[in-house]
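The chain contents come next:
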Amino acid sequence: MHLKLNNSVTLQEIRQEFNKIYSNLSIDFYAPSKNSLKDSPGKLDYTVPLKEICHISNVQLVNIDAHTTVNELKVKFMEACGLLISMSRKSANVWVDTKFTGNWTLSDQNFEGKQVTLD
């Protein structure tokens, strides 16, 4: 999967593309805080184009495959457009933060969410 980032795409569109493959995962986007010691990252408006959130001079492709981990995806988004992401996994009727399982692949995270939901 290649997520195409350019100045006109919205975070909602990126999220929808991601969820076509990983339906049991939720990706959230944040702007890095200006002062990491005092401020927490700010959640962004998903309906505005990326050009209003960050500057992308060329089209950026974020390559994702079954072996990509959550932690690797975080690095890819930071490098591509300077945005922070957090990932949650569906677990029955709640969403669980993946910060303690960031070394799991997206495929494993999605499978686990599917299994727990089916039980």
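Structure: see above.
Scope of this entry: the structure provided in the associated data block. Note that this is a predicted model, so its numbers are computed, not measured.

The final tally for this structure, using the stated rule, is three aromatic pairs. Taken together, a centroid distance of 5.1 Å and an interplanar angle of 35 degrees make the contact between Phe18 and Tyr22 tilted. Their ring planes at 70 degrees and their centres at 5.5 Å tell us that Phe29 and Phe77 sit as a pair that is edge-to-face. Remark: Phe77 occurs in helix α2 (residues 70-81) and Phe29 occurs in strand β2 (residues 25-31); sequence separation between them is 48 residues. For Phe29, a relative accessible area of 0% corresponds to the buried category. Relative accessible area serves as the criterion here: at 0%, Phe77 is assigned to the buried category. An aromatic cluster is built from Phe29, Tyr46 and Phe77, whose rings are joined through pairwise contacts.

Conventions used here
- Residues numbered from 1 in each chain as written.
- Predicted model: local features only at pLDDT ≥ 70, side-chain atom pairs only at ≥ 80, totals over all residues.
- Heavy atoms only, no water.
- Phe/Tyr/Trp six-rings, centres within 6.5 Å; stacked < 30°, edge-to-face > 60°.
- Helix = DSSP H or I, 4+ residues; strand = E, 2+ residues; numbered from the N terminus.
- Buried < 20%, exposed > 50% of the residue type's maximum accessible area, 1.4 Å probe, protein only.

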